[in-house]
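Notes for the structure review
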Amino acid sequence: MGSSLYHWNFAPVLENLDVLWAGALGTLRLFAICVVLGFGFGLVVGLGRHAKRRWIYLPATAFVEFFRNTPVLVQILWFYYAVPILLPFQISPLVAAALGISLNSAAFSAEIFRGGIESIDRGQAEAARALGMTPAQAMRRVILPQALRRMLPALTNRGIEIFKMTTLASAIAYVELLQQGKLLASLNFNPIETYTVIGVVFFLCLFPLVQVTYALERRLGRADA
Amino acid sequence: MHAWDFAPVWANAGLLALGLVNTLKVTGAALAFGIPLGLVLALMRLSPSRWLAWPAGAVIEVFRTTPPLVQLFWFFFALPILIRVEMTPYVAAVLTFSIQSAAFFAEVFRGGIVSVERGQWEAARALGMSPRQVMRRVVLPQAVKRMVPAFLERAIELMKTTTLVAVISYADLLFETNEVAQKTFRPLEVFTVTALIYFFVIFAASTVVHGVERRLAASGEGMAR
């Protein structure tokens, strides 16, 4: 019985920590780009969804529906194959992955922004207008600061999703954690230890963030009660 | 300018249809296993016994906070060596997505069960029901109705996540798309058609979900997740 058990050996993984470190840097780079672009563009689209003019509202809605209702991996591969054909330049795996994940996250966070903005009592906008602010000023000075506080748990959740999504970039051979894990596993024939370590690394990175989300939710629940 | 030519895509429509059927097959199987497993995990997590609550909590947190692609790689490449079984891409996919979606379903179940007013428990207990009878006859029937929208939304997420199986060569819609793209040298057209197929299937499902949500809200049974 004892001889049929698998003997775990993490030494080959630990000897190649530099390979995994290079992957971790790639993961963090892609994550940072997608958070900034995804949330930034998401805010723009969210404001567009809130707009009354149809020529702003309709394109924003079409964008949100399209990117929410197609799989991210399809979007990444689409950009990877389509851009070099449609445009006169090559596209790196990083750019293709960043485009797919950022646009997908923009669509999801747009709905968070819209929900947050619409949750603020109408009287606030009216009062700000009555004080002589332009609609843009009312949005920036009065509505958004209050809405952002309420949206924080949902946005943190989105951030966690983006972090997990970065692994999809391995499908187009972008150097990130999972891609480096694939490399190590095939070089050392030790998929068990390698993928276990990768899983643990992601868990250790994200579990604290998940706890932060729970804490934020509890605090907001108390503050709004 | 690129001259779009969809003829090679139509010539291979059969392969794409086969891929779509396989996508639905994985989604259906993962739902069939994931929902009951999710209920079991939720009941364990709510149990007063730490021996039940703790392992269920660990499974739920681990599968919610690690990327699904890492899980899939672990089940496909690592598990077969560990327990010495043959692993097909289909089995690995169903196993991964069942447990992964069970972790998310468990939280939906838990939220629904917790949302049923405490007085209902006390009343049913006072009528002489055992805790198990209270759960089955009083709490779950009410909770399930409130959970329906969250369930359907999760099922849609699951369908989008199943695209990952293409990476381990299961012949789902995305995998067949890649095959057809390489065969016809028309990646742009094939990936565009596939994105549209996913969009129409998932958008139709989302529309149904929103309809159900509205009806439940109208009957006073709607619940925010």
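In this text the structure is predicted, and so the values were computed from the model without any measurement. (Residues numbered from 1 in each chain as written. Chains lettered and ligands numbered in written order. Predicted model: local features only at pLDDT ≥ 70, side-chain atom pairs only at ≥ 80, totals over all residues.)

1. What to know about the overall build of chain A
Inclusion rule: Strands here are runs of E lasting at least two residues and helices are runs of H or I lasting at least four, both read from the DSSP assignment and numbered beginning at the N terminus. Based on C-alpha atoms, the radius of gyration is set beside the globule rule, defined as 2.2 Å times the residue count to the power 0.38.
Helix and strand counts for chain A stand at 9 helices and 0 strands. Scanning chain A from its N terminus toward the C terminus, one meets helices and strands in the order α-α-α-α-α-α-α-α-α. Radius of gyration (C-alpha) of chain A: 22 Å, far over the 17 Å computed for a compact globule of 225 residues. Reported as C-alpha extents along the three principal axes, the dimensions of chain A are approximately 80 × 50 × 30 Å.

2. Looking at the overall build of chain B
Quick reminder of the rule: Comment: burial labels come from other C-beta atoms within 10 Å of the residue's own C-beta, placed from the backbone, where a count of 20 or more is buried, 12 or fewer is exposed, and between is partly exposed. Distance between backbone-placed C-beta atoms decides contact: two residues are in contact if it is within 7 Å.
When its secondary structure is counted, chain B shows 9 helices and 0 strands. Starting at the N terminus, the α and β elements of chain B follow one another as α-α-α-α-α-α-α-α-α. Looking at the 225 residues of chain B, the share that counts as buried comes to 39%. A separation threshold of at least 6 residues defines the contact pool for chain B, and within that pool the share at least 24 residues apart is 75%.

3. Some details on the nonpolar core
Put simply, the test is: In this description, a nonpolar core means buried residues of the types Ala, Val, Leu, Ile, Met, Phe, Trp, Tyr and Cys, linked to one another by C-beta atoms lying within 7 Å.
The biggest cluster of nonpolar side chains holds 110 residues, and the ones touching the most others in it are Leu-73, Ile-76, Leu-77, Ala-97, Ile-172 and Tyr-195 of chain A together with Leu-72 of chain B. With 13 residues, the single largest contributor to this core is helix H5 (residues 89-115) of chain B. Sequence-distant contacts of Tyr-195 of chain A, that is, excluding residues within four places in its chain, are made with Gly-181 and Ala-185 of chain A together with Val-70, Phe-73, Trp-74, Phe-77 and Ala-78 of chain B.

4. Quick look at the environment of Glu-126 of chain A
Looking at where Glu-126 of chain A falls in the secondary structure, it is placed in helix H6 (residues 122-130). A C-alpha to C-alpha distance of 18 Å links Glu-126 of chain A and Gly-115 of chain A, two positions 11 residues apart in sequence.

5. A few points about the interface of chain B and chain A
Worth spelling out the cut-off: Nonpolar residues are Ala, Val, Leu, Ile, Met, Phe, Trp, Tyr, Cys and Pro. Charged residues are Asp, Glu, Lys and Arg, and all others, Gly as well, are polar.
With 30 residues of chain B in contact, the opposing surface of chain A contributes 31 residues. Sorting the residues of the side of chain B that touches chain A by element identifies helix H3 (50-65), helix H4 (68-83), helix H8 (173-184) and helix H9 (187-218) of chain B as the ones contributing at least two each. Looking at the side of chain B that touches chain A element by element, the count peaks at 10 residues for H9 of chain B. Taken together, the residues that form the side of chain B that touches chain A break down as 22 nonpolar, 6 polar and 2 charged.

6. As for the packing of H5 of chain B against helix H7 (residues 131-161) of chain B
Residues and elements named next belong to chain B. Heads up, the condition is: In this analysis an axis means a line fitted to C-alpha atoms, helices contributing only their contacting stretch, and an angle means the value between N-to-C directions, from 0 to 180 degrees. Oblique is the label for every angle not falling under 35 degrees (roughly parallel), over 145 degrees (roughly antiparallel), or within 65 to 115 degrees (roughly perpendicular). Left-handed is the label given to a crossing in which the near helix is rotated counterclockwise from the far helix by less than a right angle, and right-handed is the label when the rotation is clockwise.
Remark: H5 packs on H7, axes separated minimally by 8 Å, with the N-to-C direction vectors making an angle of 150 degrees. In terms of axis orientation, H5 runs roughly antiparallel to H7. Crossing hand, H5 versus H7: right-handed. Contacts between H5 and H7 involve Phe-97, Ser-101, Phe-104, Phe-105, Val-108, Phe-109, Gly-112, Ile-113 and Ser-115 on the former and, on the latter, Val-139, Ala-143, Val-144, Arg-146, Met-147, Ala-150, Phe-151, Arg-154, Leu-158 and Thr-161. Here the contact of H5 with H7 is built from residues that sort into 13 nonpolar, 4 polar and 2 charged.

7. Some details on the packing of helix H2 (residues 13-46) of chain B against H5 of chain B
How two helices sit against one another is set out by the angle between their axes and by the gap between those axes. Residue and element names in this part refer to chain B. Running from amino to carboxyl end, H2 crosses H5 at an angle of 45 degrees, the nearest separation of the two axes being 6 Å. Judged by the inter-axis angle, H2 sits oblique to H5. In the packing of H2 onto H5, the handedness of the crossing is right-handed. Split into classes, the residues belonging to the contact of H2 with H5 amount to 20 nonpolar, 4 polar and 2 charged.

8. As for unusual backbone geometry
All names here are of chain B. Positive phi values are uncommon outside glycine, yet Ser-169 reaches one of about 65 degrees. Tracing the backbone through its elements, the reader meets Ser-169 in the loop between H7 and H8. The class of Ser-169 is exposed, set by 12 C-beta atoms lying within 10 Å. For Phe-185, which is not a glycine, the phi torsion comes out positive at approximately 55 degrees. Mapped onto the elements of the fold, Phe-185 is located in the loop between H8 and H9.

9. Observations regarding the confidence of the model for chain B
Short version of the rule: What pLDDT conveys is the predictor's confidence in a given residue, as a value from 0 to 100.
Taken over all residues, the pLDDT of chain B has a mean of 91, while the share at 70 or more is 97%. Predicted as a complex, the structure gets a pTM of 0.90 and an ipTM equal to 0.89.

10. Quick notes on the environment of Ile-112 of chain A
Residues and elements named next belong to chain A. Mapped onto the elements of the fold, Ile-112 is located in helix H5 (residues 93-119). Residues Ile-112 and Leu-148, spaced 36 residues apart in sequence, show a C-alpha to C-alpha distance of 9.6 Å. With near-sequence residues (within four places) excluded, Ile-112 lies in contact with Met-151, Ala-154, Leu-155 and Arg-158.

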